[in-house]
Each structure stands twice: as structure tokens, then as C-alpha cells.
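Spelled out, the chains give:
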Amino acid sequence: MSIIAESPKYLQIFSDGVVKRFAPPIVDASSELTYGFRSKDVIIDPSKPISGRIFFPDTKDSTAQLPVLVYFHGGGFCIGSTTWCGYHHFLGDLSVECRCIVLSVDYRLAPENKLPIAYEDCFASLKWLSMKSHSDPWLSGADLSRVFLSGDSAGGNITHHVGIRALQDNECCVKILGLIPIHPYFGSEKRTEKEMAEGEDAEQEVKSNDMFWRLSLPEGSNRDHYACNFENLELSEAEWSKFPKAVVYVAGLDFLKERGVKYANYLKNKGVKVELIEAENEKHVYHVFLPEAESTRLLQRQMNAFINQP
């Protein structure tokens, strides 16, 4: 049995189809108030399965309704979980900073579940949210007219596609007010300048990204599939007119920075109200690896400003 695909830190895929994932430390949910928030795990669809984790800030007995942030973790569509230590602390602290309910979604992973399954699972979480708001005490104060979608890396990609599905679905029971993709993971057959740069670092980045796309895209597809190349999913003028406002975050030291900038400019050219914010000296998904860093705190304050703007 040989290894046919590998990301040394996180993933090995063997010739017999076995997938071995290497997970970093995880954190259990706790209904006890810790660092200003509570958390609990939920089952969104046991048949698939799709699960999630809710983060609820200490509201000091306030009865005011709270906005909801639905978050999709990164990991090249192949790894990642809302239980990972970095995500747990980042999203719990974010719920406190923004005074919002956070629903973080554990969607099914590739290569066992290729795209668009991740999109379908994450869109299903919106329908679950609207249904459970009437029966789950943790969601009884959720303001479903103030829902925001966010995610990092592959989760930033999912944010875009789930946002589109929500605006196209007349039965969607939540109101998406904004998209917050963080270091979004897109691609195309045409290489960017960074991807064509000489040097071992660039070669390794390209090799890794190509591997994750090969594992996650439908069989027979290339990187110009709409899931990867956002320009190849056509929307009507009427649909673009309903596209939510967005703030796109990029990191100055991120190999995917060019993709994020291109995405923001694309939305702007389609008439979307969009802001591009760069963390100049930071790497890809730094907030997950450094949830207590000042740069992460700044990101949380910026997200708060977007979510709670008048």
C-alpha cells in the first residue's frame, strides 16, 4: 500500500483509498461560562453526518436579539474541524467581541466527499438554523434577519458559494446581510505571479494547492471548475443586485493573497459593496494558529465593526 497524496503536516491518502488525517489539539465544548462565552456541539444532519458548534456570549441576562455568524472552517476541503483548538478560541472570543451567536459548521470532507458536497452541507446549516431557532434555547435570541457568513481559506470559498445559494433560494429562511471571507481559497488554470515565481517555496505551495484541488474537485474537473474559479459561475444582473455586501481579508505574507485581491476586485466590478483589508505582515490563517495575538484581536474588532455597523 503506497501513499498517493500527502500534506506532511495534516494528510496522507493511500492507494487503497484510506485517508489518514493528522489533527492538532482539540477542545471540548462546555456549557460553563469560560472567557466570556459558552459552547455546545449540535447535530445538523445525522444521516450525512453534519455537525456544528455553537458559541454563545455572556449577555448578562439581556433579552436583546443577537446577530448570527455562520462560520466555515478551512483546510483545503480535506481537513479541519470546529473542534480544533485555534478555531474554538478564535470563534468563542469573536462571539464575545461581536456580541453575536456563532454557529461553526463541520461539513463532510474530501476526498471522500467531493465538491459540491461541502457547499450543500453548509447551506443545509442555514435551514437547520432557521428551524432550530424555534426550539433550541441557545438560538431563541438569534436574529435571523441579521445573519453573516464567514470562513477562512476553503471556508472563505464556501462563504462565497453558500452566499450565492442563499440569494438564489426563495425558501431560505434567514437574511444574509454580509459575507466575511478570510484569506479565501480560489484558483484557476491560469497561474498568478506568485504561482509562477521561481524558488522551492513557490513550487511547494503550488504543489500543495494543486493537490487539494485535485482531491476536492469533481472527477474530471480542472481548476477552471466554478468551485475553484469564481469567474466561471454565471449570475444574472438581478442576482448580482442582491449579492450581500462583503469584506474580504487578505494577509501580506499569504501565497493566496493575489487570489483574494482578485476576488474582491471581481465583486466590486459586479457592483457589490466590498471592502478589502490586508494584514500586511501576517501569514495564511494566522488567526487560527495565533488566536491570542494582537493581529487576531484586530481582526475580531474589524469583524465586529462590519457586523454591528449602523
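Note on numbering: residues in each chain are counted from 1, in written sequence order. Only residues with pLDDT of at least 70 are given local features in this predicted model, and only at 80 or more are side-chain atom pairs given and counted; all residues enter the totals for whole chains, interfaces and linings. To obtain the side-chain values, all non-hydrogen atoms of the structure were included, while hydrogens and water were left out.

Ranked by internal contacts, the top residues of the largest apolar core, which has 94 residues, are Leu-11, Leu-69 and Phe-243. For Leu-69, the residues in contact, after removing those within four places along its chain, are Leu-94, Cys-100, Ile-101, Val-102, Leu-103, Phe-148, Leu-149, Ser-150, Ile-180, Met-303 and Ile-307. Put simply, a nonpolar core is a bunch of buried Ala, Val, Leu, Ile, Met, Phe, Trp, Tyr and Cys residues held in one set by side-chain atoms that sit within 4.5 Å of each other. Accessibility here uses a 1.4 Å probe with only protein chains present; expressed as a share of the type maximum, an area under 20% marks a residue as buried, one over 50% as exposed, and anything in between as partly exposed. In this description, contact between two residues means that some pair of their heavy atoms is separated by no more than 4.5 Å.

Quick look at the packing of helix 2 (residues 117–132) against helix 3 (residues 154–168) now. Lines fitted to the C-alpha atoms define the axes, with helices restricted to the stretch that makes contact. Angles between their N-to-C directions range from 0 to 180 degrees. Secondary structure elements follow DSSP: runs of H or I no shorter than four residues count as helices, runs of E no shorter than two count as strands, and numbering proceeds from the N terminus. Viewed as axis vectors pointing N to C, helix 2 and helix 3 meet at an angle of 60°, and their least axial separation amounts to 9 Å. In terms of orientation, helix 2 lies oblique with respect to helix 3. Crossing geometry of helix 2 relative to helix 3 is assigned as right-handed. Here Ala-118, Tyr-119, Glu-120, Cys-122, Phe-123 and Leu-126 of helix 2 come into contact with helix 3, specifically with Asn-157, Ile-158, His-161, Val-162, Arg-165 and Ala-166. Considering only residue class, the contact of helix 2 with helix 3 consists of eight nonpolar, two polar and two charged. Here the angle decides the label: under 35 degrees means roughly parallel, over 145 means roughly antiparallel, 65 to 115 means roughly perpendicular, and every other value means oblique. By convention, the crossing between two helices is left-handed when the near helix turns anticlockwise from the far helix through less than a right angle, and right-handed when the turn is clockwise. Side-chain classes follow a simple rule in which Ala, Val, Leu, Ile, Met, Phe, Trp, Tyr, Cys and Pro form the nonpolar group, Asp, Glu, Lys and Arg form the charged group, and the remainder, Gly included, forms the polar group.

It is worth spelling out empty space enclosed by the protein at this point. Where empty space is left in the structure can be found by rolling a water-sized probe over the atoms. Within this scheme a cavity is a closed region of a 1 Å grid, computed over the protein atoms alone, that accommodates a 1.4 Å probe without allowing it to escape, whereas a pocket is open but has protein on both sides within 12 Å along at least five of seven lines; lining residues each have an atom within 4 Å of a point. Grid points are joined across faces, edges and corners, and a volume is the space filled by probe spheres set on the points. By the definition in use, this model includes two cavities of 30 Å³ or more. Empty space within the largest cavity amounts to approximately 60 Å³. Lining the largest cavity, in full, are Phe-186, Gly-187, Ser-188, Arg-191, Glu-195, Val-206, Asn-209, Asp-210, Trp-213, Arg-223 and Arg-259. Examining the composition of the lining of the largest cavity, we find that four residues originate from one element, helix 5 (residues 200–216), more than from any other. Estimated volume of the second largest cavity: approximately 40 Å³. For the second largest cavity, the full set of lining residues is Phe-186, Gly-187, Ser-188, Asn-229, Phe-230, Glu-231, Arg-259 and Lys-262. When the residues that make up the lining of the second largest cavity are grouped by side-chain class, the tally is two nonpolar, three polar and three charged.

Let's shift gears to the environment of Asp-58. For Asp-58, the location among the structural elements is in the loop between strand 5 (50–57) and strand 6 (66–72). Apart from residues lying up to four places away in sequence, Asp-58 is in contact with Leu-33, Gly-36, Phe-37 and Arg-99. One polar contact links the side chain of Asp-58 to the main-chain amide nitrogen of Lys-60, over a distance of 3.0 Å. Pairing of N or O atoms within 3.5 Å defines a polar contact, subject to two protein rules: one partner must be a possible hydrogen donor and the other a possible acceptor, and residues neighboring in sequence count only if both atoms are side-chain atoms.

Let us look at the sheet that holds strand 3 (residues 19–21). Reading across from one edge, 1-2-3 is the order of the three strands in this open sheet, with antiparallel pairing throughout. The sheet is open, and its two edges are formed by strand 1 (3–7) and strand 3, each paired on a single side. Across the sheet, the mean angle from the axis of one strand to that of its neighbour is 10°, orientation sign disregarded. Relative to strand 2 (residues 11–14), strand 1 runs antiparallel, the two sharing four bridges. Within strand 2, the position partnered with Ala-5 by the bridge is Ile-13. Each of strand 1 and strand 2 is contacted by helix 5, which is oriented at about 120° to strand 1, the strand it contacts most. Two strands qualify as a pair provided DSSP detects at least 2 bridges between them.

With that settled, the discussion passes to the layout of surface pockets. Within this model, the largest pocket holds a volume of roughly 1200 Å³. Lining the largest pocket are 37 residues; nearest its centre among them are Ser-7, Tyr-10, Glu-205, Ser-208 and Phe-212. Every element with two or more residues in the lining of the largest pocket is listed here: strand 1, helix 1 (85–98), helix 5 and helix 8 (286–289). With nine residues, the top contributor of residues to the lining of the largest pocket is helix 5. Residues of the lining of the largest pocket, tallied by class, amount to 18 nonpolar, ten polar and nine charged. A volume near 210 Å³ is recorded for the second largest pocket. Contributing elements (two or more residues each) for the lining of the second largest pocket: helix 3 and strand 9 (176–182). Ranked by residue count, the leading element in the lining of the second largest pocket is helix 3, at three residues. Among the residues forming the lining of the second largest pocket, the class breakdown is seven nonpolar, one polar and four charged.

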